[in-house]
Amino acid sequence: MANFGGHAIPGTFFLLYGFWLTVKHVLQHYWRTSQPKGRQVMPPFFKRMDYIEGGFKIFASFVGIMVEQFVVDGPHAHLYDRENTSWVKLMNWQHSTMYLFFGISGIALIASIAVKAVPPGVDRLALSLALFIEGFLFMHHVHGREPLDAHIHTLLLFAVFAGSASTMLEVFIRNNLILELFRADMFILQGSWFYQIGVVLYPLTGDKWDLNQHDNMMFVTMCFAWHLALSLFLVSCTAFIVWFTTARFSEKGRDIEIGMRITSSKTSSQKALLEESDEE
């Protein structure tokens, strides 16, 4: 991740995943609230969404591990150099470990759908653990860096651990839209903040940031609050658009169904009248 692109790639993944979760959970909540009481079985459409999500996480994690390990200056699966008695590219190994646990969460998600013996909540537990490992690794990822570099990475921990805690709550509190959207919001916040880290540490244009100036640390802290506000706004707008669109299409579907029933009843009544007239 020692360049802007190295921060933009995971940032894009987290942004897309956050919006995916927002759309998915709003659709699920709309379906649950529009069904009669006692109907709990989700339609196959939502299972397909979970299969896609789990498969994507496994694939993205595999690609991430391969990139971290086998780039030109990567460790190439070597952890320790016995000749020089030193560790080999531990930064890459930390990133690979982070991707590994997100891949495990993808496997847990698919297993929770495909295998009935898997207890409910395993997918949330695995995702919470993946986020915790991400934060745990980042805590020891910035040792010895300039103050602004260490600070901007430390701010990321608030989004990571908050997402981990809320996801752990979902293990015990199922189908709670507030917790589900908060988890999505923390992923979007992570994604946008990864981009911010890339802009600060590896600016594409303009002057470089002074990594030792305290005013820059104050601005970055305030900027994190702005990112949080923006992520909340984006989640709210996305949820509203999905809910409004789904409601409109559902109403049209009901109108078409009612119209078909009325047409059907008119046709059957006309047939009955014609039969009566033929008998006369």
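Everything numeric here is computed off the predicted structure, so don't read it as measured data.

**Quick notes on the overall build of the protein chain**
Argument step 1. Looking only at helices and strands, the protein chain features seven helices and two strands.
Argument step 2. The order of α-helices and β-strands along the protein chain, N terminus first, is α-α-β-β-α-α-α-α-α.
Argument step 3. Within the protein chain, contacts between residues at least 6 apart in sequence are counted, and of these 75% link residues at least 24 apart.
Argument step 4. Accessible surface, the protein chain as shown: approximately 16,400 Å² in total, 68% of it carbon and sulfur.

**A closer look at the side chain of Gln-28**
Argument step 1. Examined against the element boundaries, Gln-28 turns out to sit in helix H1 (residues 4–34).
Argument step 2. In this structure Gln-28 comes out as buried when scored by relative accessible area, which is 9%.
Argument step 3. Among residues more than four places away in sequence, those in contact with Gln-28 are Met-42 and Phe-46.

**Description of the packing of H1 against helix H6 (residues 177–201)**
Argument step 1. Following both chains from N to C, one finds H1 and H6 inclined at 165 degrees, their axes separated by 7 Å at the closest point. Comparing the axis directions of H1 and H6 gives the class roughly antiparallel. Crossing of H1 against H6: the hand is left-handed.
Argument step 2. Per-class residue counts for the contact of H1 with H6 are 18 nonpolar, eleven polar and three charged.

**Focus: the packing of aromatic side chains**
Argument step 1. Overall, the coordinates contain 19 aromatic pairs when judged by the stated rule.
Argument step 2. Plain terms: the ring middles of Phe-14 and Phe-102 are 5.9 Å apart, the flat faces sit at 65 degrees to each other, and that makes the pair edge-to-face. With Phe-14 in helix H1 and Phe-102 in helix H3 (residues 90–114), the pair connects residues that are 88 residues apart, well separated along the chain. With respect to class, Phe-14 is no different from Phe-102; both count as buried.
Argument step 3. Both rings, one in Phe-132 and one in Phe-136, keep their centres 6.1 Å apart while their planes meet at 15 degrees; by these two values the pair is stacked. Taken together, the residues Phe-132 and Phe-136, both in helix H4 (residues 122–139) and four residues apart, mark about one turn of the helix.

About the thresholds
Residues numbered from 1 in each chain as written. Predicted model: local features only at pLDDT ≥ 70, side-chain atom pairs only at ≥ 80, totals over all residues. Heavy atoms only, no water. Helix = DSSP H or I, 4+ residues; strand = E, 2+ residues; numbered from the N terminus. Contact = heavy atoms within 4.5 Å. Areas by Shrake-Rupley, 256 points an atom, 1.4 Å probe, with all protein chains shown as cover. Buried < 20%, exposed > 50% of the residue type's maximum accessible area, 1.4 Å probe, protein only. Axes fitted to C-alpha atoms, helices over the stretch in contact; angles between N-to-C directions. Parallel < 35°, antiparallel > 145°, perpendicular 65-115°, else oblique. Left-handed = near helix turned anticlockwise from the far one by under 90°. Nonpolar A, V, L, I, M, F, W, Y, C, P; charged D, E, K, R; others polar. Phe/Tyr/Trp six-rings, centres within 6.5 Å; stacked < 30°, edge-to-face > 60°.

Keep in mind these values describe shape, not function.
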